[in-house]
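Commentary on secondary and tertiary structure
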There are 2 protein chains.
Amino acid sequence: MGFAEMWAELLPVGRDERTGGYRRYSWTEPDAACRAWFARTAATLDLATECDRNGNLWAWWGRSGEGSAVVTGSHLDSVPDGGAFDGPLGIVSAFAAVGRLRSEGFRPGRPIGVAAFIEEEGARFGVACLGSRLATGAIDPAAALSLRDGDGISLADAMTDAGRDAALIGRDDALLADVGAYVELHIEQGRALAGLGAAVGIADGIWPHGRWRLDFAGRADHAGTTRLSDRSDPMLPYAATVVAARQAAAECDGLATIGKVRADPGAANAICSAVHAWLDARAPDEASLDRLVGRVIEAAEGAASQHGTRMHVDTESFTAGVRFDAALRQRMAGALAATGISAPVLATGAGHDAGVLAAKIPAGMLFVRNPTGVSHSPAEHAEPADCEAGVAALAAVLADLAGQ
Amino acid sequence: MGFAEMWAELLPVGRDERTGGYRRYSWTEPDAACRAWFARTAATLDLATECDRNGNLWAWWGRSGEGSAVVTGSHLDSVPDGGAFDGPLGIVSAFAAVGRLRSEGFRPGRPIGVAAFIEEEGARFGVACLGSRLATGAIDPAAALSLRDGDGISLADAMTDAGRDAALIGRDDALLADVGAYVELHIEQGRALAGLGAAVGIADGIWPHGRWRLDFAGRADHAGTTRLSDRSDPMLPYAATVVAARQAAAECDGLATIGKVRADPGAANAICSAVHAWLDARAPDEASLDRLVGRVIEAAEGAASQHGTRMHVDTESFTAGVRFDAALRQRMAGALAATGISAPVLATGAGHDAGVLAAKIPAGMLFVRNPTGVSHSPAEHAEPADCEAGVAALAAVLADLAGQ
């Protein structure tokens with residue numbers, strides 16, 4: 001079975017017929033169907049599968065414990081109405097690369113593993129990279145178990161319902177000690193490779209990024225009678241902040257987005273009492289990110305004061321930047337160059353399991369060209385030829401790292 | 001019973017203990033309690049009460065049919081978590097004015113009526129001034145009966161559950177033919193009287209006003225990876241439109257408010273695919289309102305285009321301006337002047353039953369000073385002395401209009 005067949009088999013799982021987008025949330029029925037696909041596909045490749053204590057799936061060519069394993073993989077879960085490629089491309093490419101190496105008669109000197117980390121998107125329980133965070137000890141297991149989904153169901157209950165022993169979750173040093181390197185292949189979530197005319201790229205690092213909650217408080221009032229000069233309307237400083245965030249991002253060579261906003265009480269004929277907004281900001285380095293966020297907060301405070309309102313900011317999350325292991329990156333580049341693949345080096349603003357694992361083991365990433373750059377959307381796409389180029393690149397890297 | 005006692009008896013009905021705001025929605029239990037209060041209070045004043053076909057309450061001093069009645073009143077229902085004064089002040093003041101005239105030995109030459117119109121706020125069924133619109137034929141009875149509240153209950157079912165015959169609702173020419181003039185006393189929903197140092201004012205008219213829905217459409221994308229130049233982010237033109245609306249309102253001497261906004265899909269880490277916003281706009285005359293709304297739409301279209309997004313606008317509602325009957329207004333001013341009350345003339349941006357009734361019968365309004373201008377909020381307030389001044393003013397007007 002090559003890439004195309006594996007891809008076609010996974011494609012319909014968890015796809016919403018109306019939107020064409022995916023709703024593959026961890027520990028749900030579509031997730032179980034994805035996991036069953038993982039086990040079936042591994043079996044056709046003669047790989048031994050297991051599920052670790054945190055719910056991450058592993059398929060082994062050779063057994064861990066035999067040495068310092070080379071692992072590749074990604075995730076199967078999606079954001080709400082996400083695309084087909086973000087996550088699954090890395091898993092399908094991993095299996096396809098293993099299949100290619102097997103058919104070429106390659107004999108690994110070290111075990112090769114294919115991993116599928118659970119809840120990478122955080123779409124169900126709100127914490128991104130939950131599976132890799134648990135395995136590396138980056139999140140407290142008790143805190144994780146009490147995370148709840150939109151229906152109030154805890155991770156503990158969701159895992160129990162799925163037949164897992166939730167009490168076992170947490171840091172898994174023994175498992176990670178067997179992994180010598182982790183290489184994740186992922187669709188690019190931007191257009192850098194398209195601009196450079198390359199099918200495949202190598203990740204340099206992940207930008208530091210975070211989420212800030214901005215609460216603007218004013219005073220509810222009648223929209224039809226309250227003079228402009230008497231108003232304390234929090235929608236006005238909110239709007240000024242949206243404009244300022246875009247400008248600050250441009251000035252700091254970073255990214256700033258406000259994609260979530262809530263107005264209270266939200267009546268069409270009343271001035272709001274409050275506006276709550278979430279700022280997502282990212283930049284190449286922490287100094288730039290500090291400068292970017294500082295400018296947004298300064299603008300928000302100034303506008304709030306100008307309009308007789310108040311503003312409060314909370315850091316909801318912050319993830320430090322990741323520089324992937326330089327030695328591994330150079331070795332990946334060498335393996336690709338030896339196969340005639342020219343792969344530019346890029347940084348990304350998106351978080352990935354590879355970034356979490358990088359704290360414990362040498363990790364790296366390959367990106368596959370995304371012609372439009374669109375991601376987290378049903379319109380997300382990569383050309384079949386570029387997917388095959390990704391498989392070839394991943395196979396070359398695995399052969400080099402796991403070679404005799 | 002004077003104003004203070006009547007007021008104190010109505011005050012606790014339908015008040016939410018947590019917010020201190022009122023939730024007096026038509027055809028609910030708090031509404032029934034308000035209606036029982038209306039009947040009890042009318043009885044202490046020897047007034048004959050009746051409920052018309054549309055559910056509006058009437059209390060008569062002298063009987064309609066005896067001549068061209070002088071009616072005063074307002075409404076008992078509230079917006080969600082509204083204040084104590086918007087509506088009830090007009091009813092309590094009406095009863096208190098009747099009580100004052102009775103105790104002074106006044107003998108009306110024409111019947112005097114006190115009316116309480118149902119669903120003025122439109123808080124339950126979404127159409128403001130529903131009771132007066134039904135009576136004047138401004139809304140089709142079949143359309144009204146199929147209006148539904150937030151729980152999906154129709155007006156027809158709500159009226160039936162309250163023991164009313166819903167099939168009877170609609171235009172009531174016979175009732176209105178008996179009304180020679182309607183005068184509504186209302187708390188001011190702004191600070192004009194406070195600025196002028198007057199306890200009471202006379203309404204000139206109601207500004208034309210409307211609601212426009214603005215839909216900004218862009219493209220959902222990953223907040224962490226999509227370059228600024230690749231974005232089609234509808235939040236940016238939305239923000240520019242909020243800023244432009246405020247500026248247009250100031251330039252056109254009108255009011256513009258965006259108090260309701262929805263971002264799709266509304267994820268903190270995704271660029272929105274769409275932003276939906278509702279513009280409430282009002283101005284002293286239709287030409288000014290047209291100019292104001294035209295500037296907002298022009299700015300919205302320009303910003304949408306600048307950011308690679310699309311904008312569509314729909315007029316959700318439009319209410320023409322009302323000029324209250326000039327002869328009635330002059331007569332009210334004369335009656336107040338004769339009693340030594342100086343009452344400035346003001347326009348308002350808020351709709352009222354008096355504005356709906358004005359299409360059929362001479363109508364006018366008195367406003368009572370609101371020191372903060374706050375309305376549609378638990379903080380809405382009028383000083384007791386100003387409420388008493390309102391009662392005195394209303395009594396003087398009724399005595400003049402209904403005098404021998």
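The written sequence of each chain sets the order in which its residues are numbered from 1. In the order they appear in the text, chains get letters beginning with A and ligands get numbers beginning with 1. Owing to the predicted nature of the model, reporting of local features is limited to residues with pLDDT of at least 70; listing and counting of side-chain atom pairs is limited to 80 or more, with chain, interface and lining totals taken over all residues. Based on all heavy atoms of the structure, the side-chain values leave hydrogens and waters out of the count.

Quick look at the overall build of chain A now. For the purposes of this entry, the term helix denotes a DSSP run of H or I that reaches at least four residues, the term strand denotes a run of E that reaches at least two, and both are numbered from the N terminus. The number of helices and strands found in chain A is 13 helices and 15 strands. Its C-alpha atoms give chain A a radius of gyration of 23 Å, near enough to 22 Å, the size a compact globule of 404 residues would have. Between buried and exposed lies partly exposed: a residue is buried under 20% and exposed over 50% of the maximum accessible area for its type, with that area taken using a 1.4 Å probe on protein chains only. Taken across its 404 residues, chain A has 58% of its residues classed as buried. Put simply, 76% of the contacts in chain A that link residues at least 6 apart link residues at least 24 apart. A total of about 14600 Å² of accessible surface is found on chain A, and carbon and sulfur atoms cover 50% of it. For the purpose of counting charges, residues Lys and Arg are taken to be positive, whereas Asp and Glu are taken to be negative. His and the chain ends are not included. Here the site of a charge means atom NZ of a Lys, CZ of an Arg, CG of an Asp or CD of a Glu. Of note, chain A has its 35 positive side-chain charges centred 2 Å away from the centre of its 51 negative side-chain charges. Atoms counted for the radius of gyration: C-alpha only. Globule rule: 2.2 Å times the number of residues to the power 0.38. Here, two residues are considered to be in contact whenever any of their heavy atoms come within 4.5 Å of each other. Residue-level accessible areas treat just the shown protein chains as cover; the underlying method is Shrake-Rupley with a 1.4 Å probe.

Moving on, we come to the sheet that holds strand 7 (residues 209-217) of chain B. Residues and elements named next belong to chain B. The antiparallel open sheet is built from 4 strands, whose spatial order is 9-11-7-12. The open sheet terminates on both sides in strands that have one partner only, identified here as strand 9 (255-264) and strand 12 (310-319). Across the sheet, the mean angle from the axis of one strand to that of its neighbour is 15°, orientation sign disregarded. Relative to strand 12, strand 7 runs antiparallel, the two sharing 9 bridges. Note on pairing: two strands pair once DSSP finds at least 2 bridges between them. Angular values range over 0 to 180 degrees, each being the angle between N-to-C directions of two axes fitted as lines to C-alpha atoms, with helices fitted over their stretch in contact.

Our next topic: the relation of the copies chain A and chain B. When chain A is fitted to chain B, the best match, at an RMSD of 0.4 Å, comes from turning it 180° and sliding it 0.3 Å along the axis. Read as a symmetry element, the transformation amounts to a two-fold axis. Scanning chain A for the C-alpha nearest the rotation axis identifies Ala239 of chain A, at a separation of 2.2 Å. A residue counts toward the fit only if its pLDDT is at least 70 in both copies, and the copies are then superposed by least squares on the C-alpha atoms of those residues.

Attention now moves to the confidence of the model for chain A. Each residue gets a pLDDT score, which is the predictor's confidence in that residue and runs from 0 to 100. In this model, chain A carries a mean pLDDT of 95, and residues with pLDDT of at least 70 account for 99%. Interface confidence for the predicted complex, expressed as ipTM, amounts to 0.80; the pTM equals 0.81.

Let us now look at the packing of aromatic side chains. Residues and elements named next belong to chain A. Here a Phe, Tyr or Trp ring, Trp counted by its six-membered ring, pairs with any other such ring whose centre lies within 6.5 Å, and the pair is stacked when the planes are under 30 degrees apart, edge-to-face when over 60, and tilted otherwise. Overall, the coordinates contain 18 aromatic pairs over all chains when judged by the stated rule. Centre to centre, the rings of Phe216 and Tyr238 are 6.3 Å apart; their planes meet at 75°, and the pair counts as edge-to-face. Placement of the pair is Phe216 in strand 7 (residues 209-217) and Tyr238 in helix 9 (residues 235-251), with a sequence separation of 22 residues. For the pair shown, Phe216 and Tyr238 are each scored as buried. Three or more aromatic residues joined by ring pairs form one cluster here, namely Trp58, Trp60, Phe117 and Tyr182.

Turning our eyes to something else, we now look at the interface of chain A and chain B. Across the contact, 52 residues belong to chain A and 52 residues belong to chain B. Counting the surface lost from both chain A and chain B, the interface buries some 4500 Å², and carbon and sulfur atoms represent 58% of this. Three residues stand out in chain A for area buried against chain B, namely Leu228, Arg246 and Ala268 of chain A, and they jointly supply 15% of the buried area on that side. One speaks of a salt bridge when a side-chain nitrogen belonging to Lys or Arg is within 4 Å of a carboxyl oxygen belonging to Asp or Glu. In this structure, the connection of chain A to chain B is made through 2 salt bridges. With a shortest N-O distance of 2.5 Å, Asp230 of chain B and Arg191 of chain A are connected by a salt bridge. What qualifies as a polar contact is a pair of N or O atoms within 3.5 Å, subject to a donor-acceptor requirement within protein and to the restriction that residues adjacent in sequence count only when both atoms come from side chains. Inspection of the chain A/chain B interface yields 14 residue pairs in polar contact (both at pLDDT 80 or more). Only strand 8 (221-222), helix 9, strand 9 (255-264), strand 10 (270-271) and strand 11 (274-282) of chain A provide two or more residues apiece to the side of chain A that touches chain B. For the side of chain A that touches chain B, the class distribution of residues is 24 nonpolar, 17 polar and 11 charged. When two components associate, each loses some accessible surface as probed by a 1.4 Å sphere; the sum of these losses over both components is called the buried area. Side-chain classes follow a simple rule in which Ala, Val, Leu, Ile, Met, Phe, Trp, Tyr, Cys and Pro form the nonpolar group, Asp, Glu, Lys and Arg form the charged group, and the remainder, Gly included, forms the polar group.

Looking now at the packing of helix 9 (residues 235-251) of chain B against helix 10 (residues 286-306) of chain B. All names here are of chain B. Between helix 9 and helix 10, the least distance of the axes is 8 Å, while the angle of their chain directions is 155°. With respect to helix 10, the element helix 9 is oriented roughly antiparallel. Between helix 9 and helix 10 the crossing geometry is right-handed. Residue-level contacts link Pro237, Ala240, Thr241, Ala244, Ala245, Ala248, Ala249 and Glu251 of helix 9 to Leu292, Arg295, Val296, Ala299, Ala300, Ala303 and Ala304 of helix 10. Residue composition of the contact of helix 9 with helix 10, by class: 12 nonpolar, 1 polar and 2 charged. Here roughly perpendicular refers to angles of 65 to 115 degrees, roughly parallel to angles under 35, roughly antiparallel to angles over 145, and oblique to all remaining angles. The crossing is said to be left-handed when, going from far helix to near helix, the turn is anticlockwise and less than a right angle, and right-handed when the turn is clockwise.

What follows deals with the packing of helix 11 (residues 326-338) of chain B against helix 13 (residues 384-402) of chain B. Residue and element names in this part refer to chain B. For the pair helix 11 and helix 13, the least separation of the axes is 9 Å and the interaxial angle reads 115°. The two elements helix 11 and helix 13 cross, and the hand of that crossing is right-handed. The residues of helix 13 that touch helix 11, namely those facing Leu328, Arg331, Met332, Ala335 and Leu336, are Ala393, Ala396, Val397, Asp400 and Leu401. Residue composition of the contact of helix 11 with helix 13, by class: 8 nonpolar, no polar and 2 charged.

In terms of nonpolar packing, the biggest core is built from 66 residues, with Met235, Tyr238 and Leu279 of chain A together with Met235, Tyr238 and Leu279 of chain B touching the most fellow members. Residues within four places of Tyr238 of chain A in sequence aside, it is in contact with Phe216, Ile258, Val261, Val275 and Ala277 of chain A together with Met235 and Tyr238 of chain B. What we call a nonpolar core is a set of buried Ala, Val, Leu, Ile, Met, Phe, Trp, Tyr and Cys residues that are connected through their side-chain atoms within 4.5 Å.

With that out of the way, let us pick up the pairing of strand 3 (residues 69-75) of chain A. Residues and elements named next belong to chain A. Burial analysis of strand 3 places 7 of its 7 residues in the buried class, the great majority of the element. Sheet topology places strand 3 next to strand 5 (residues 179-187); 4 bridges connect them, and they run parallel. Among the inter-strand pairings, Ala69 is bridged to a residue of strand 5, identified as Val179. Orient the strands so they point away from the viewer; a crossover is then right-handed if the path from the first strand over the helix to the second runs clockwise. For the crossover from strand 3 across helix 3 (residues 88-103) to strand 4 (residues 112-117), the handedness is right-handed.

Our next topic: the environment of Ala347 of chain B. All names here are of chain B. Inspection of the secondary structure puts Ala347 in strand 14 (residues 345-348). The partly exposed category is assigned to Ala347, whose relative accessible area is 39%. Distance in space between the C-alpha atoms of Ala347 and Thr226 is 50 Å, their sequence separation being 121 residues. For Ala347, the residues in contact, after removing those within four places along its chain, are Asp204, Gly205 and Trp207.

The next subject is the pairing of strand 6 (residues 200-206) of chain B. All names here are of chain B. The buried count for strand 6 comes to 7 of 7 residues, which makes it a mostly enclosed element. Here strand 6 pairs with strand 14 via 4 bridges, running parallel. In the strand pairing of strand 14, Ile202 is matched with Val345. Examined bridge by bridge, strand 6 and strand 13 (residues 322-323) share 2 bridges and lie antiparallel to one another. Bridge pairing in strand 13 places Ile206 opposite Val322.

All names here are of chain A. These domain boundaries are the output of an automatic or database domain assignment. Split by domain assignment, chain A resolves into domain 1 (3-207 + 321-401) and domain 2 (209-319). Centre-to-centre, using C-alpha coordinates, domain 1 lies 35 Å away from domain 2. Of the roughly 570 Å² buried where domain 1 meets domain 2, counting both sides, 52% is carbon and sulfur surface. When the buried area of domain 1 at its contact with domain 2 is split by residue, Trp207, Gly321 and Gly349 rank highest and sum to 82% of it. At the boundary of domain 1 with domain 2, the tally comes to 0 salt bridges. At the boundary of domain 1 with domain 2, the tally comes to 2 residue pairs in polar contact (both at pLDDT 80 or more). Considered class by class, the residues forming the side of domain 1 that touches domain 2 number 3 nonpolar, 3 polar and 1 charged.

Take the sheet that holds strand 9 of chain A next. All names here are of chain A. What the 4 strands build is an open sheet, ordered 9-11-7-12; its pairing is antiparallel. Since the sheet does not close on itself, it has two edges, and those belong to strand 9 and strand 12 (310-319), each with one partner. Adjacent strand axes in the sheet meet at a mean angle of 15°, parallel and antiparallel pairs treated alike. Inspection of the sheet shows strand 9 paired to strand 11 by 9 bridges, in the antiparallel sense. Counterpart to Leu255 in the pairing with strand 11 is Arg282. Here helix 9 sits on the sheet and contacts strand 7, strand 9 and strand 11; the angle it forms with strand 9, its principal contact strand, is near 170°.

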